[in-house]
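Overview (structure and organization)
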Amino acid sequence: MNCDSVHDVLDLYLSGELKGEKMAELRLHLQECERCAMAVRADRELDNALRTAMLEDTVDVSAVLARFHERIAAPWWKRIPQLVSVRRAAIAVILVIALIVFPRLYVGQAQRNMALAAAGDHYEDLVLLRHSDWEQKPEDVTRFVQAQFPQKHHLLASITPDGASLEKVRLCKLRGTSYAHFVFRTGTVETSVYLLAKPADGASYQASHLRDGGHGLEVAGFSTADMSGMVVGQHGFVPILSIARQLAQTL
Amino acid sequence: MKLGEESLFPAHELAMRGDRGFEFENVALPHTARLLRYALHLVGEKGRAEDLVQETLLSAWRNFQQFKRGTNCKAWLFRILTNLHYKQMRRSAQRPEVHVEAQEARLAAPEKVSTGQEMREAFARLTFEHREVLQLAVIEGFEIREIAELLQVPQGTVMSRLSRARASLRAALAGGGNL
């Protein structure tokens, strides 16, 4: 070991970390080199003097320990702020709000999309006359209802709006879900009732209402324990909302 | 209160806390004075230093099950304290900038023995970084490896800082200004 390499290991030596062969080499060098031995001695004396001086100036820890003791002895409800940091609590609150609000927004958006699909189907069927697979004869309609809603007796009587008569019915697809599309006529005005035996997604169509579903059509959704559906008609000509409310009660 | 001489908790409270309380008292709390000295160095003000140490002890108490028996509790506590301090600094964006002043390493020579007061004044005139490394290595007795881990710098950097810090301290003792 030479004088330069002493410098590389000096701090390890002073902190007591130098071991083994390096330690033996350093000791040997210090025996032979007065300059390095003096430097090591000087650093050690400086360290000792610094340590002594700084530790002479004692710090009083009694206040810290008293407060620590008081905090850990406090009942758990007083320790909540320290158990859960403010930032974590804020994140938790935001997450909870998001969990409550987002499903509602999602359901709201799903209801709106379905209402728009119903209005679009009503327009295609009754204005553009795009489909011809309607059941119109009374016996065919009865057979259709029994096949689609076997558990519902007197369904037609329940869903026919006051003063209206059933004109036709067919199965249609609204955003991938099959609905029975009933068309009722009151004079020259047609009203569509879309029915689904069991709600596909549980909470949908609960009292939803879309005043403008395009082409001047109004849509109102309803839901019962085992049925859900929508009523579609010309806004201002048919009491769409009250028909939907009535269906929610009678079905 | 001198640490290690008397119980930090009344006997009945220790009994309530069980083994964990005894162990914490014996392993962690004796380092409170060291933590406070270092916290004073970091934040510079007694009240804030005490708050920092208190938070450190509370954090250590809450996470004491994570501390592996037989490992270095002092280093563990200092790591918690340093992390808490830097977290607070980040929050308030007040982390002091450390100015590394290149200094000529003075040839070490046996110095006249300074009084404690002179030494403390000379130490106070050093840069933050020099005080930090001297405090950890010389006053608190950390190994170079531990200091490197705590400050998240290479061991070589710790050693060169120490060397420059000693040179600065000598200069301060010899009557230099702020170093």
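Each value, and the rule that gives it
- Residues numbered from 1 in each chain as written.
- Chains lettered and ligands numbered in written order.
- Predicted model: local features only at pLDDT ≥ 70, side-chain atom pairs only at ≥ 80, totals over all residues.
- Heavy atoms only, no water.
- Contact = heavy atoms within 4.5 Å.
- Buried area = accessible area lost by both parts, 1.4 Å probe.
- Salt bridge = Lys/Arg side-chain N within 4 Å of Asp/Glu carboxyl O.
- Helix = DSSP H or I, 4+ residues; strand = E, 2+ residues; numbered from the N terminus.
- Buried < 20%, exposed > 50% of the residue type's maximum accessible area, 1.4 Å probe, protein only.
- Axes fitted to C-alpha atoms, helices over the stretch in contact; angles between N-to-C directions.
- Parallel < 35°, antiparallel > 145°, perpendicular 65-115°, else oblique.
- Nonpolar A, V, L, I, M, F, W, Y, C, P; charged D, E, K, R; others polar.
- Expected span 1.5 Å × (residues − 1).
- Arc of directions from axis to C-beta.
- Patch = residues over 30% accessible without salt bridge, like charges linked within 9 Å, V, L, I, M, F, W, Y side chains within 5 Å.
- Areas by Shrake-Rupley, 256 points an atom, 1.4 Å probe, with all protein chains shown as cover.
- Pairing = 2+ DSSP bridges.
- Left-handed = near helix turned anticlockwise from the far one by under 90°.
- Phe/Tyr/Trp six-rings, centres within 6.5 Å; stacked < 30°, edge-to-face > 60°.

On the chain A side, the residues contacting the 47 residues of chain B number 39 residues. Across the interface of chain B and chain A, roughly 4000 Å² is buried in total on both sides, 66% from carbon and sulfur atoms. By the criterion of area lost to chain A, the three top residues of chain B are B:Gln54, B:Arg120 and B:Arg166, representing 15% of everything that side buries. The residue A:Arg71 makes a salt bridge to B:Glu55 at a minimum N-O spacing of 3.6 Å.

It is worth spelling out unusual backbone geometry at this point. A negative phi angle characterises most non-glycine residues, just as the trans form characterises most peptide bonds. Residue and element names in this part refer to chain A. Backbone geometry at Leu129 places phi at a positive 55 degrees, although glycine is not the residue there. Relative to the helices and strands, Leu129 resides in the loop between helix H6 (86–126) and helix H7 (138–148). Of note in this structure, Arg175 is not a glycine but carries a positive phi near 50 degrees. Residue position: Arg175 is located in the loop between strand S1 (165–174) and strand S2 (177–186).

All names here are of chain A. Within the secondary structure, Lys152 is located in the loop between H7 and helix H8 (155–159). A relative accessible area of 18% means that Lys152 is categorised as buried. When near neighbours in sequence (up to four residues on either side) are disregarded, Lys152 contacts Asp226, Met227 and Leu251.

Let us now look at the packing of helix H6 (residues 128–139) of chain B against helix H8 (residues 155–173) of chain B. Residues and elements named next belong to chain B. Taken N-terminus to C-terminus, the directions of H6 and H8 make an angle of 105 degrees; their axes are 9 Å apart at the nearest point. One way to sum up the angle between H6 and H8 is to call them roughly perpendicular. Mapping the contact onto sequence places Glu129, His130, Val133, Leu134, Ala137 and Val138 in H6 and Val158, Arg161, Leu162, Arg164, Ala165, Arg166, Ser168 and Leu169 in H8. Across the contact of H6 with H8, the residue classes tally to eight nonpolar, two polar and four charged.

With that out of the way, let us pick up helix H2 (residues 20–32) of chain A. Residues and elements named next belong to chain A. Taking 1.5 Å as the rise per residue, H2 with 13 residues should run 18 Å; its terminal C-alpha atoms sit 19 Å apart, in good agreement. Those residues of H2 that sit buried are Met23, Leu26, His29 and Leu30. An end-on view of H2 places all buried positions within 130 degrees of arc, on one side of the element. Seen from the buried face of H2, the exposed residues on the opposite side, beyond 90 degrees, are Gly20, Glu21, Gln31 and Glu32.

Turning our attention to a nonpolar patch on the surface. All names here are of chain A. A surface patch of nonpolar side chains, amounting to about 410 Å² of accessible area, comprises Val93, Val96, Ile97, Ile100 and Val101. Among the secondary structure elements, Val96 is positioned in helix H6. Given a relative accessible area of 46%, Val96 falls into the partly exposed group.

Below, the discussion takes up the pattern of salt bridges. Here the structure, examined in full by the defined rule, presents 22 salt bridges over all chains. The partner of A:Arg170 in a salt bridge is A:Asp133, with the nearest N and O atoms 2.8 Å apart. Pair noted here: A:Arg170 is in strand S1 and A:Asp133 is in the loop between H6 and H7, with a separation of 37 residues, a long-range link. What you see here is one network of salt bridges that share partners, running through A:Arg67, B:Lys46, B:Glu50 and B:Asp51.

Residue and element names in this part refer to chain A. Of all eight residues in strand S3 (residues 189–196), eight are buried; the element is thus mostly enclosed. The pairing of S2 with S3 spans seven bridges and is antiparallel. By the bridge assignment, Thr186 is partnered in S3 with Val189. In this antiparallel pair of consecutive strands, S2 and S3, the connection spans two residues, and Gly187 shows a positive phi of 65 degrees.

Once that is clear, we can look at the packing of helix H2 (residues 32–43) of chain B against helix H3 (residues 46–62) of chain B. Residue and element names in this part refer to chain B. Running from N to C, H2 and H3 point in directions that differ by 130 degrees, and their axes come no closer than 8 Å. Looking at the two axes, H2 sits oblique to H3. For the element pair H2 and H3, the recorded crossing hand is right-handed. Contacts between H2 and H3 involve Thr32, Leu35, Leu36, Ala39, Leu40 and Val43 from the first element and Lys46, Arg48, Ala49, Glu50, Leu52, Val53, Thr56 and Leu57 from the second. When grouped by side-chain class, the residues that make up the contact of H2 with H3 number nine nonpolar, two polar and three charged.

Helical periodicity: at 3.6 residues per turn, an α-helix aligns residues three or four positions apart in one direction. For helix H7 (residues 144–151) of chain B, the buried fraction is high: six of the eight residues fall into the buried class. Those residues of H7(B) lying buried are B:Ile144, B:Glu146, B:Ile147, B:Ala148, B:Leu150 and B:Leu151. Looking at the buried positions of H7(B), the neighbouring elements they touch are helix H1 (3–14) of chain A together with H2, helix H4 (73–92), H6 and H8 of chain B.

One pass over the structure, following the stated rule, counts 11 aromatic pairs over all chains. Judged by centre distance (6.4 Å) and plane angle (85 degrees), the ring pair of A:Phe144 and A:Phe182 falls under edge-to-face. With A:Phe144 in helix H7 and A:Phe182 in strand S2, this residue pair connects regions lying 38 residues apart in the sequence. Like A:Phe182, A:Phe144 is buried. Ring centres 5.8 Å apart and planes at 10 degrees place the aromatic pair B:Phe64 and B:Phe67 in the stacked group.

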